[in-house]
Amino acid sequence: MTNGEMTVYRLSPACDLGDVEEGKVYAVRVQGFADFGTFVYLNDRIKGLIHKSNVKTDHREGETLFVRVREVRKNGNIDLEEIVPAGYQMETVAKKLSSIRLGDLSEKVGRHVTVEAEVAQIKQTSGPTIFTIVDETSAEDAAAFIEAGVRAYPEVELEDMISVSGEVMLRNNRLQIEVSNIRVLSGEEREDVKLRIAEALELRAEPEDIPFMIESEVLESLKPEMQKVAKIIRKAIFTAQPIVLRHHADADGITAAVAVERAVTYLIRENGGDLDSEGHMFKRAPSKAPFYEIEDITRDLDFALKDFVRFGQKLPLILMMDNGSTEEDEASYRMAKVYDISIVVVDHHHPDESTDAYLDAHVNPYHVGGDFGVTAGMLGAELARMIFPGVESEIRHFPAVAAVGDRSEAPERQQYLDLISNDWSEDQCKDIALALDYEQFWLRFNDGREIVKDILDVNGEHDRHERLIALLVEEANLAIKEQLSASMPHVVEKELGNTAKLFTLDVEMYAHRFTFPPPGKTSGEVHDILCRRNEGAPVVTLGLGPDFVVIRSRGVLMNIPKMVRELREEVIGGGVNGGGHLVVGSIKFVEGMRESVIKSLIAKIEEFPVV
Amino acid sequence: MTNGEMTVYRLSPACDLGDVEEGKVYAVRVQGFADFGTFVYLNDRIKGLIHKSNVKTDHREGETLFVRVREVRKNGNIDLEEIVPAGYQMETVAKKLSSIRLGDLSEKVGRHVTVEAEVAQIKQTSGPTIFTIVDETSAEDAAAFIEAGVRAYPEVELEDMISVSGEVMLRNNRLQIEVSNIRVLSGEEREDVKLRIAEALELRAEPEDIPFMIESEVLESLKPEMQKVAKIIRKAIFTAQPIVLRHHADADGITAAVAVERAVTYLIRENGGDLDSEGHMFKRAPSKAPFYEIEDITRDLDFALKDFVRFGQKLPLILMMDNGSTEEDEASYRMAKVYDISIVVVDHHHPDESTDAYLDAHVNPYHVGGDFGVTAGMLGAELARMIFPGVESEIRHFPAVAAVGDRSEAPERQQYLDLISNDWSEDQCKDIALALDYEQFWLRFNDGREIVKDILDVNGEHDRHERLIALLVEEANLAIKEQLSASMPHVVEKELGNTAKLFTLDVEMYAHRFTFPPPGKTSGEVHDILCRRNEGAPVVTLGLGPDFVVIRSRGVLMNIPKMVRELREEVIGGGVNGGGHLVVGSIKFVEGMRESVIKSLIAKIEEFPVV
Amino acid sequence: MTNGEMTVYRLSPACDLGDVEEGKVYAVRVQGFADFGTFVYLNDRIKGLIHKSNVKTDHREGETLFVRVREVRKNGNIDLEEIVPAGYQMETVAKKLSSIRLGDLSEKVGRHVTVEAEVAQIKQTSGPTIFTIVDETSAEDAAAFIEAGVRAYPEVELEDMISVSGEVMLRNNRLQIEVSNIRVLSGEEREDVKLRIAEALELRAEPEDIPFMIESEVLESLKPEMQKVAKIIRKAIFTAQPIVLRHHADADGITAAVAVERAVTYLIRENGGDLDSEGHMFKRAPSKAPFYEIEDITRDLDFALKDFVRFGQKLPLILMMDNGSTEEDEASYRMAKVYDISIVVVDHHHPDESTDAYLDAHVNPYHVGGDFGVTAGMLGAELARMIFPGVESEIRHFPAVAAVGDRSEAPERQQYLDLISNDWSEDQCKDIALALDYEQFWLRFNDGREIVKDILDVNGEHDRHERLIALLVEEANLAIKEQLSASMPHVVEKELGNTAKLFTLDVEMYAHRFTFPPPGKTSGEVHDILCRRNEGAPVVTLGLGPDFVVIRSRGVLMNIPKMVRELREEVIGGGVNGGGHLVVGSIKFVEGMRESVIKSLIAKIEEFPVV
């Protein structure tokens, strides 16, 4: 007691019974009266009794008194005696709170806590400012209020490390910290917390090391890169970063993407997310073109930047599947890179080396001596298991569907078919693949999530799945039959100098437009029929559009990319573009040069040797 | 008192004063002190006083005591005396609550109730689980909370019969039961409740038996089927099932659909729904094609299934108007049927018999010897009155508008015109019909609800209606005039062998595209002029597109569906499709076979006799 | 005391300490007990003490007593003595509240207030009815509750003058008056309030009179009309009227519109609005055509009317920028006028006089002897400064970007370039303009708000701006180069009789479609090259489409509007339309008359003198 004055302690709101010390003097507030004495509050949560024998003054409700703690009883009751000090000095008992982890928040409702975390989102509502904070265990919201609609703690920025104190509330029955203080960490303290969270996240994001569903050299060689992608995706989920998944809109691309969608859904749910936040955090978008069109990145960026401003949401991770590994994607990637957006690719198309400069990770069988026979659907399903192993039972048949849909001839195809042969026949897989293609055509560029889940039988409604498949396959085959009845009579045959049989069909003039099957698939169906009719012979089928040609071939050692390069140079003013695989692809040009381009194209085809 | 122990009763929270019995002993909780005694709670809502003369022990706030009830006074005051039992056994007074009806909930705010109802929606929010429950009187929400975002009572499924107990709250000023318990009913109990609700709903959904606005044999014959449709729609509203109304995007289809929209709006409102829920529960969608396109059912299904998963919302009832009765709709119906979705049709196009296999009800004049002259707008307005009789004054003129819009020549046309002749002339009806066609063209496939209501003068702004009609009619006629000035000079005339005059116009080459009037209407306008110019003569007008022909005719006994069937077989590789009525319709084909198809078509037209 | 009875006062809830008078008798309610007396409430907010020496009867909690005020102490404590009157009459102390202004509401939280205001929005929620009310200082919400989802005070209509009493609450942390009463003002009272608000608003809406950024006679002459537009926009913001800004989708139109968007954003924020309400209150929509298409007004009206019904929101102010001053806009304006919607135009295209009949204000350099060289971007930036002067630093460079983008040759161009020459070079401005054109092409008709802000460098991320511009300019130039490599070889040259060199290019046949640059810009780029190749010579370039021709020219004294008028009459069945400036524009026609129209067009061009 300096200066002969006694020290009177004031318990801060965060203090609890453990902070009350017998013998010390505290400032208290009168709560109410019983006939045996006066009840007082030591702070908002700690109550004690001054027995009437220990009362020194007249009391009024709400009045502040000083008391000495006589005893803290086992049952939590506190016996006090009133003190009237001659002089005193106040001291606040600032309980040294040890910070807790966000994952433990649900056990602390109604309690005052301190957490150290990273800022993952800052959303200004018309009321409080909501900070979504993330540590190594979870992501939760902290609400800070200064004035309606006014940004609280403006010094706090996205990705800062902060120490947040406040009471844990269930607001609208949702866990939330009602902030009493936020402190931006700096210097060593910041580095410590950052390191702690980063290291723990690093560990937590690490995918489990489980064996693939089949034995495959290609997959084994791809494993490290797949784990890298799995980890990037897991980390995005754990740090409240949205994901945009763009994929090729065919059976292979859909199975790949839905496998990951399922895994991510489970992971978000396990991480305490609800269905709403899933929708917010994950968007699957089938893509029209076999690459990332500028129009698509423009729309994705427009939305992401608006969400960033409006909801303080992180810019997304972009995940490309069955898509994304070629030069044609690079213009869009450059746009994304202006905003430092991360991009990962899981593709089985022949990759262009230059593209990797834009990618944080890139799984592609061509990198390890494989080829497109190891399809995106195979890669996607195995990746999904790395992200969330429990998803396996749902998606076990996806690789087989992808394999038959993409006509894979890799050894993996049969293994994946064998894996599920007790439950699914090869024909069933083909039916699913056809149903996906047909339904996606009508879905246009919507994800059609629930219908697609029924087609893939992951909705737990097997009977409905079967009825749906039966219907879609019937309708698809009817549509194909109708298209072929209009097209086949107009196929023109010619024998080329290299003995290949060339078939041409004007798919603009002699096919129904804007319906299923579209020109590319129509050309493919025609080609299949012609191959069967000309068994053993080399066959080239050209589907001629007004400003494009679809090329399908068998038994001719073509190199379509090379032809495109040459035509581009040779046909002056032709505006030739395009590409694809070596023997299957398409070429675009300006309509007015159609005849020249087709003539030159056929001349080039004629020069390739047949098998 | 078994074992010499006394029984101490504990009042459950639901109990009220009527459950307190004089002489019995109850466990109570100390609430507070007055100088004349201690106030105690018997449960959260019942308070009593232990006068200080009857106090046996020292009391502290919140402490539990035992008391005997001395007297329950008239004014509700309860006199108690404290009891200190030697030994005792507890028994909870579980008040046997008689269940109430949801329609009475608003009188029970703050009270504990029990209701028996059917589950109509299960929505998981980030806080509680919201069950929308329905009985024979109303639909209300019950909120159950276990843990934030966690599904409460996971055993409860859509369409279960349940017994719900809880307190009636105004939450955000909306009635809601805060669930204390849900029990899924089974066995006899379930059957009883189900039967009770079903029977009552059956009665409640039954439309009133009111006479039609006019006298019509066709309508009288259709009455039972119309009542069936009215009942299905009323039941959907009463059981919180959404409705998707797809209709032909012309004046006849719009009047039909808006009549039902108005009736449904009033019925929802009468049923306690608000504007928000109306929007959620009812969607009117004008359709591009004269049938249910696969793209449309795909979009409708995609949305409905997502709403089912996200909001636990029932799958919708599909209502087709001025549309839906032919083979061309069946592919979409098959899709709907995979999901057991109910479909009802109100149409006046010539129906295909096979279509009925997919329909729960089908109103069509052809079923009873009528024809397309009894238009969808007539049927829709009469149906709307069955759904909600009070709608009549608003929609009385709709049938006349539909009749002139669809050029009905049925006797019903004049009756409907006579019905409203005091308020609306035939010319005004024609203007409204033209305004609807013109405005819908620019609305594309939006419903344009408020503008359409102004055009139909159901917004109570008659002056604004008149200005709007004047403007739209003027603009429509200007646009038609502009189109005809470009088209008419290019009409080619030919006299056919059957003496009919054939006029052809290339509507792709000699008409403005993507503007009003579109090719079909342009052909119709040209045909009307040519008919006037060639009064008395048989006239056929063909509007030729690149891959379609629009056929309009007068005085030739054509059979378009028959021609289509024949052309489809005869023109190999023509991809011919199409149809319509006998003498008005359109034909599609692949562009490359245009000349062959047109030549064959004209040859066939030439073979029909003229009138 | 009439009849020997004393008067007992009851304090109304709004009363505070100042209304308590010593000596008077009040009815009070017992709140609780201390050992020195009884605490009572005089109303919900005023508490007093009856010392036990002044107690006359036995007290029970909640009981009503009568007391005389002995003393109101300095510290607010009130000493009371109990009174048991023989007879009495009650009188309520209805505190005469003087009404306050909405701008002071934030200081009155928890207090009862009365305000007089105009009704700007009436929104029925599923709970209370929300009235957005406006006075000369601010716009705030008043919530009135009768029954869940039921419209409170149905007699109150949009734009009524009302007196609202109620308590000021922070609901969800947003200021709101919880209405205890609303009274619709009428007669003199109404006129007084209306006048008061109108006069004050008039003053408040008045833009500051600041000098332009440059010296320009044209701008000085336009100042009064610009101030008028600024005032209309400011008034819309202050009175909670939404704004729809439609603008030409090129660099000039975008800079004009974004300048105003920025100013409005700041003004809303200053006016207490939050980001959400900004989105609601202001919509910027780039327009496809160089005029207000019927499809666009139809969509705008559809949305506005639905918002009016659903959210009781005012119909919007329509603001047209770089767009809107010609006959082609009038059909849409007529639609807007049916709904009494106000329209203001800021344009630099040659205006048609008839258009002004529809406009509330119209800024156009042609009105004051200027021409299109004073671009919309210049006008927009100066207008933005009038709306919110503080916006200047952000948008100072916009006029220069607009000037180079629109190839202005007015003297204002150089002044605006000089103004910013320390920060931005002319080449940088050109790059920004090209980047805007390129990005808007891919944004289609989305506003792309955040990307556009980065292109214009108003996001405070200069480094990102630079990377973005570098990328977009590179991509745009690559795309132009690719297009020209396909197109240039197909340009056909012809020397006309007037010595002008005519170049034609089929932009449908010899250019890539649906990509950047589109036909108009492709024609422009080709024309620029040809002008450079034929320096000094008169040059006309025609970009020929299937049903349109784009015209670019240099050195020929053409009059495109005149040619269009003549062609429209001379080419029977040609359906000719179009226009533009004198020497730059485009013509549309029906496809089948393409050759006739082009031939006639060239013949007419040949007749114009060259410079």
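An unreviewed UniProt entry annotates chain A as DHH family phosphoesterase originating from Methanogenium marinum.

Draft legend 1. Structural context of the overall build of chain A. Per the secondary structure count, chain A includes 16 helices and 23 strands. Here the C-alpha radius of gyration of chain A, 34 Å, is well above what a compact globule of 611 residues would show, namely 25 Å. Along the longest, intermediate and shortest principal axes, the C-alpha atoms of chain A span 120 × 50 × 40 Å. Counting all 611 residues of chain A, 57% fall into the buried class. Looking at chain A alone, contacts between residues at least 24 apart form 64% of all its contacts between residues at least 6 apart. Carbon and sulfur atoms make up 47% of the accessible area of chain A, which amounts to about 25300 Å² in all. Mean positive and mean negative side-chain charge positions of chain A (69 and 106 charges, respectively) differ by 4 Å.

Draft legend 2. Looking closely at the sheet that holds strand S16 (residues 343–346) of chain A. Residue and element names in this part refer to chain A. The strand order across the open sheet built from five strands is S14-S13-S15-S16-S17, with neighbouring strands paired in parallel fashion. For this open sheet the edge positions go to strand S14 (282–287) and strand S17 (361–363), each flanked by a neighbour on one side alone. Across the sheet, the mean angle separating the axes of adjacent strands is 15° when strand polarity is ignored. Examined bridge by bridge, strand S13 (residues 243–248) and S14 share six bridges and lie parallel to one another. If you follow Val-244 over to S14, its bridge partner there is Lys-283.

Draft legend 3. Structural context of the interface of chain B and chain C. Facing the 43 residues of chain B at the interface are 35 residues of chain C. For the pair chain B and chain C, the summed buried area comes to about 3400 Å², and 58% of that belongs to carbon and sulfur atoms. The tally of links from chain B across to chain C stands at six salt bridges. The residue Arg-334 of chain C makes a salt bridge to Glu-475 of chain B at a minimum N-O spacing of 2.8 Å. The interface formed by chain B and chain C holds eleven residue pairs in polar contact (both at pLDDT 80 or more) in total. Those elements that place two or more of their residues in the side of chain B that touches chain C are strand S2 (25–34), strand S12 (174–184), helix H11 (426–443), helix H12 (449–455) and helix H13 (462–487) of chain B. The leading source of residues in the side of chain B that touches chain C is H13 of chain B, at nine residues. Taken together, the residues of the side of chain B that touches chain C break down into 19 nonpolar, nine polar and 15 charged.

Draft legend 4. Expanded view of the environment of Phe-311 of chain A. Residue and element names in this part refer to chain A. Along the chain, Phe-311 falls in helix H5 (residues 294–311). Judged by its relative accessible area of 23%, Phe-311 falls in the partly exposed class. Separated by 125 residues in sequence, Phe-311 and Ser-186 have C-alpha atoms that sit 25 Å apart.

Draft legend 5. Broad picture of the pattern of salt bridges. Applying the stated criterion across every chain yields a total of 129 salt bridges over all chains. Between Arg-196 of chain B and Glu-136 of chain B there is a salt bridge, with its nearest N and O atoms 3.2 Å apart. Taken together, the residues Arg-196 of chain B in helix H1 (residues 187–205) and Glu-136 of chain B in the loop between strand S9 (129–134) and strand S10 (139–144) connect sequence positions 60 residues apart. Overall, Glu-136 of chain B belongs to the buried group, its relative accessible area being 11%. Salt bridges sharing common partners tie together Arg-246, Lys-283, Glu-295, Asp-296, Arg-299 and Asp-300 of chain A together with Arg-444 of chain C.

Draft legend 6. How the structure looks around the interface of chain A and chain B. Counting residues at the interface gives 43 residues for chain A, matched by 34 residues for chain B. Summing the contributions of chain A and of chain B, the shared interface buries around 3400 Å²; its carbon and sulfur component is 58%. The interface formed by chain A and chain B holds six salt bridges in total. A salt bridge links Arg-467 of chain A to Asp-340 of chain B, with the nearest nitrogen and oxygen atoms 3.6 Å apart. At the junction of chain A with chain B, the criterion picks out twelve residue pairs in polar contact (both at pLDDT 80 or more). Looking at the side of chain A that touches chain B, the elements that each hand over two or more residues are strand S2 (25–34), strand S12 (174–184), helix H11 (426–443), helix H12 (449–455) and helix H13 (462–487) of chain A. The element best represented in the side of chain A that touches chain B is H13 of chain A, accounting for nine residues. Residue composition of the side of chain A that touches chain B, grouped by class: 19 nonpolar, nine polar and 15 charged.

Draft legend 7. Examining the relation of the copies chain A and chain B more closely. Relative to chain B, chain A is turned by 120° and slid 0.1 Å along the rotation axis, the superposed coordinates differing by an RMSD of 0.2 Å. Considering both components of the superposition, the chain copies are consistent with a three-fold axis. A share of only 2% of the interface residues of chain A reappears at the interface of chain B, consistent with the copies meeting through non-equivalent patches.

Draft legend 8. Representation of the relation of the copies chain B and chain C within the structure. Mapping chain B onto chain C is achieved by rotating through 120° and translating by 0.1 Å along the same axis, at an RMSD of 0.2 Å. Different-surface contact between copies: only 2% of interface residues of chain B are shared with the interface of chain C.

Draft legend 9. Seen up close, the packing of helix H1 (residues 187–205) of chain C against helix H2 (residues 217–238) of chain C. All names here are of chain C. Following both chains from N to C, one finds H1 and H2 inclined at 125°, their axes separated by 9 Å at the closest point. On the basis of their axis angle, the class for H1 and H2 is oblique. The interaxial crossing formed by H1 with H2 has right-handed handedness. When H1 is examined against H2, the residues Leu-201, Glu-202, Arg-204 and Ala-205 are found in contact with a partner set consisting of Lys-231, Arg-234, Lys-235 and Phe-238. Within the contact of H1 with H2, the residues separate by chemical class into three nonpolar, no polar and five charged.

Draft legend 10. Focus on the pairing of strand S10 (residues 139–144) of chain A. Residue and element names in this part refer to chain A. Of the pairings in the sheet, the one linking strand S9 (residues 129–134) to S10 comprises six bridges and is antiparallel in character. What sits directly across from Ile-133, in S10, is Glu-140. Between the antiparallel neighbours S9 and S10 lie four residues.

Draft legend 11. Seen up close, the sheet that holds strand S19 (residues 501–506) of chain C. Residue and element names in this part refer to chain C. One open sheet accounts for six strands, arranged S18-S19-S20-S21-S23-S22; its pairing is mixed. Of all the strands in the sheet, the pair left with one neighbour each is strand S18 (492–495) and strand S22 (577–580). Sheet twist, expressed as the mean angle between neighbouring strand axes with direction ignored, is 15°. Relative to strand S23 (residues 585–588), S22 runs antiparallel, the two sharing four bridges. Following the sheet pairing, Gly-580 is matched in S23 by Gly-585. Strands in contact with helix H15 (residues 560–570) are strand S21 (548–554), S22 and S23; relative to S22, the strand with the most contacts, it is inclined by about 170°. Running at roughly 170° to strand S20 (residues 539–544), helix H16 (residues 594–607) makes contact with S18, S19, S20, S21 and S23 of the sheet.

Draft legend 12. Looking closely at the UniProt feature "domain: S1 motif" (unreviewed entry) in chain A. In this structure's numbering, the residues bearing the UniProt feature "domain: S1 motif" (unreviewed entry) are residues 18–83 of chain A. Across residues 18–83 of chain A, the secondary structure splits into 0% helix and 58% strand, with the terminal C-alpha atoms separated by 22 Å.

Draft legend 13. Structural context of the pairing of strand S21 (residues 548–554) of chain A. All names here are of chain A. Looking at chain direction, strand S20 (residues 539–544) and S21 are connected through six bridges and run antiparallel. Looking at the pairing, Leu-542 lines up with Ile-551 of S21. Turn length for the S20-S21 hairpin, with the two strands adjacent in sequence and antiparallel, is three residues. The pairing of S21 with strand S23 (residues 585–588) spans four bridges and is antiparallel. Across the sheet, Phe-548 pairs through a bridge with Lys-588, a residue of S23.

What counts and how
What you see as residue numbers is a count from 1 along each chain, following the sequence as written. Note on labels: chains are lettered from A, ligands numbered from 1, in written order. Local features are withheld for residues below a pLDDT of 70 in this predicted model, meaning they are given only at 70 or higher, and side-chain atom pairs are given and counted only at 80 or more; totals for whole chains, interfaces and linings count all residues. Each side-chain value is derived from all of the structure's non-hydrogen atoms; neither hydrogens nor water enter the calculation. Secondary structure elements are taken from DSSP: a helix is a run of H or I of four residues or more, a strand is a run of E of two residues or more, and numbering for both begins at the N terminus. Radius of gyration: C-alpha atoms only; globule rule: 2.2 Å multiplied by the number of residues to the exponent 0.38. Buried, partly exposed and exposed residues are distinguished by accessible area as a fraction of the type maximum, computed with a 1.4 Å probe on protein chains only: under 20%, between the cut-offs, and over 50%, respectively. Should any heavy atoms of two residues lie within 4.5 Å, those residues are counted as being in contact. Computed by Shrake-Rupley with a 1.4 Å probe, the accessible areas treat only the displayed protein chains as cover when residues are assessed. Positive residues here are Lys and Arg, negative ones are Asp and Glu, while His and the chain termini are left out of the count. Every charge is mapped to an atom, namely NZ of Lys, CZ of Arg, CG of Asp or CD of Glu. In short, DSSP must find at least two bridges between two strands for them to pair. What counts as an axis is a line fitted to C-alpha atoms, over the stretch in contact for a helix, and the angles between N-to-C directions run from 0 to 180 degrees. Note: buried area is the sum, over both parts, of the accessible area (probe 1.4 Å) each one loses when the two are combined. In the sections that follow, a salt bridge refers to a side-chain nitrogen of Lys or Arg positioned within 4 Å of a carboxyl oxygen of Asp or Glu. For the purposes of these results, a polar contact is taken to be a pair of N or O atoms within 3.5 Å, where, inside protein, one atom must be able to donate a hydrogen and its partner to accept one; residues adjacent in sequence count only when each atom of the pair is a side-chain atom. In the scheme used here, Gly and all other residues not listed as nonpolar or charged are polar, with Ala, Val, Leu, Ile, Met, Phe, Trp, Tyr, Cys and Pro taken as nonpolar and Asp, Glu, Lys and Arg as charged. Copies overlap after least-squares fitting; the atoms used are the C-alpha atoms of residues with pLDDT of at least 70 in both. For classification purposes, angles smaller than 35 degrees are called roughly parallel, those larger than 145 roughly antiparallel, those between 65 and 115 roughly perpendicular, and all remaining angles oblique. For any pair of crossing helices, the crossing counts as left-handed if the nearer helix is rotated counterclockwise from the farther one by less than a right angle, and right-handed if it is rotated clockwise. UniProt positions are given in the numbering used here, feature names are shortened, and annotations may be inferred rather than shown by experiment.

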